[in-house]
Amino acid sequence: DAGVTQSPTHLIKTRGQQVTLRCSPKSGHDTVSWYQQALGQGPQFIFQYYEEEERQRGNFPDRFSGHQFPNYSSELNVNALLLGDSALYLCASSEGTATYGYTFGSGTRLTVV
Amino acid sequence: GESVGLHLPTLSVQEGDNSIINCAYSNSASDYFIWYKQESGKGPQFIIDIRSNMDKRQGQRVTVLLNKTVKHLSLQIAATQPGDSAVYFCAEITNSGGSNYKLTFGKGTLLTVNP
C-alpha cells in the first residue's frame, strides 16, 4: 500500500520563476493538505483540498495556489518565487476533512537562488 | 502566531535513558494532540496521539501526558535508542469551522541519543 508520494524530491529554481509540486495521496485518502517547512522550523499550513476545492487556507499569499484532480492527487504552484520560498514542502493526505489521521510524504526540497 | 510551542529546542541523552520532551499550547479549544517524529530528509511520522478528554496515553516505549490545566503536553520515551534521534514535534488539531480541522505544529525539539 503506497503512502503519500511527492515529486520531485529536490528542485532548484531562480527568483521570479514559477514552480509546480505534485502529490499523490495515500490509497483511500481523498483530502490533501500542503505545508511549508523552513529549515529548523515546524511545518506551516498552506492550504487543504477536498472534492477538488480549496477548503482552508493558511497565512500565505496568493502566489501560492493549488489544484486537486478527480483522482485526489494535488499540485502546489508557487509564482514569482522569492528566496524566502526556499523550504521543504510537505503534502499530507487524510480521509475527509473532519479527521485526525494525517499521513505525510517525504516532501519536496525547493531551493530558490 | 503559533499556538503550540516547545520548552527546549535540543535534548541530548544517553542510550538507555528515558527522554522527556515538553510542549506548551495556548489554544484551549484544541481537542486533539499528536506527537510526530521527523528524521532528516523525511516527512513527519506519527508517534502517538491523545484526545483532550484524556490525560495519559501509552504506546510502545512512548507515553504522552496531557495537562489541560496548564496547557502542557509531554512525550516520554523509555529506554531511548540511537534510532530515536530525530526532531520531535507536537501538533494540535483544532476545528476551524464546520467540518474543517487544521493541524498546527510547534517548532520542534532535536533529540540526540549518545551511544
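Before reading further, recall that the structure is shown in the block above.
Residues numbered from 1 in each chain as written. Chains lettered and ligands numbered in written order. Predicted model: local features only at pLDDT ≥ 70, side-chain atom pairs only at ≥ 80, totals over all residues. Heavy atoms only, no water.

The subject of this paragraph is the pattern of salt bridges. A side chain with one charge can pair with a side chain of the opposite charge if their charged atoms come near. The final tally for this structure, using the stated rule, is 7 salt bridges over all chains. For Glu 54 of chain A, the salt bridge goes to Arg 57 of chain A, with nearest N and O atoms at 3.0 Å. Between Asp 84 of chain B and Arg 61 of chain B there is a salt bridge, with its nearest N and O atoms 2.9 Å apart. In this pair, Asp 84 of chain B sits in the loop between strand 8 (72–77) and strand 9 (86–97) while Arg 61 of chain B sits in the loop between strand 6 (56–58) and strand 7 (62–67), placing the two residues 23 residues apart along the sequence. Taking relative accessible area as the criterion, Asp 84 of chain B reaches 7% and is therefore assigned buried. (Salt bridge = Lys/Arg side-chain N within 4 Å of Asp/Glu carboxyl O. Helix = DSSP H or I, 4+ residues; strand = E, 2+ residues; numbered from the N terminus. Buried < 20%, exposed > 50% of the residue type's maximum accessible area, 1.4 Å probe, protein only.)

You'll often see interface size given as the accessible area lost when the parts meet. Contacts between the two partners involve 22 residues from chain B, matched on the other side by 21 residues from chain A. Summed over both partners, the interface of chain B with chain A buries about 1,700 Å², with 53% contributed by carbon and sulfur atoms. On the surface where chain B and chain A come into contact, there are 0 salt bridges. On inspection of chain B and its partner chain A, the count reaches 5 residue pairs in polar contact (both at pLDDT 80 or more). For the side of chain B that touches chain A, the elements supplying multiple residues, two or more each, are strand 4 (32–38), strand 9 and strand 10 (100–105) of chain B. Here the side of chain B that touches chain A gets 5 residues from one element, more than from any other, and that element is strand 10 of chain B. Of the residues in the side of chain B that touches chain A, the class split is 9 nonpolar, 7 polar and 6 charged. (Contact = heavy atoms within 4.5 Å. Buried area = accessible area lost by both parts, 1.4 Å probe. Polar contact = N/O pair within 3.5 Å; in protein donor to acceptor, adjacent residues only side chain to side chain. Nonpolar A, V, L, I, M, F, W, Y, C, P; charged D, E, K, R; others polar.)

Any two aromatic rings considered together are summarised by their centre-to-centre distance and by the angle between their planes. On inspection of all chains with the given rule, the structure shows 10 aromatic pairs over all chains. Ring geometry for Phe 104 of chain A against Tyr 36 of chain B: centres 5.5 Å apart, planes inclined by 85 degrees, an arrangement best described as edge-to-face. Of the two residues, Phe 104 of chain A sits in strand 10 (residues 103–104) while Tyr 36 of chain B sits in strand 4, which places them in two different chains. Take Phe 104 of chain A and Tyr 36 of chain B: they sit in the same class, and that class is buried. Put simply, the rings of Tyr 35, Phe 45 and Phe 104 of chain A together with Tyr 36, Phe 89 and Phe 105 of chain B pair up and form one aromatic cluster. (Phe/Tyr/Trp six-rings, centres within 6.5 Å; stacked < 30°, edge-to-face > 60°.)

What links the strands of a sheet is backbone hydrogen bonding, and the strands pair in either a parallel or an antiparallel sense. Residues and elements named next belong to chain A. Strand order across the open sheet formed by 4 strands is 1-3-8-7, with antiparallel pairing between neighbours. Bordering the open sheet on either side are strand 1 (5–7) and strand 7 (64–68), each of which pairs with just one other strand. On average, each strand axis in the sheet is tilted by 20 degrees relative to the strand beside it, whichever way the strands run. With 5 bridges connecting them, strand 7 and strand 8 (residues 74–78) associate as antiparallel partners. In the sheet register, His 67 faces strand 8, and the bridge partner there is Glu 75. (Pairing = 2+ DSSP bridges. Axes fitted to C-alpha atoms, helices over the stretch in contact; angles between N-to-C directions.)

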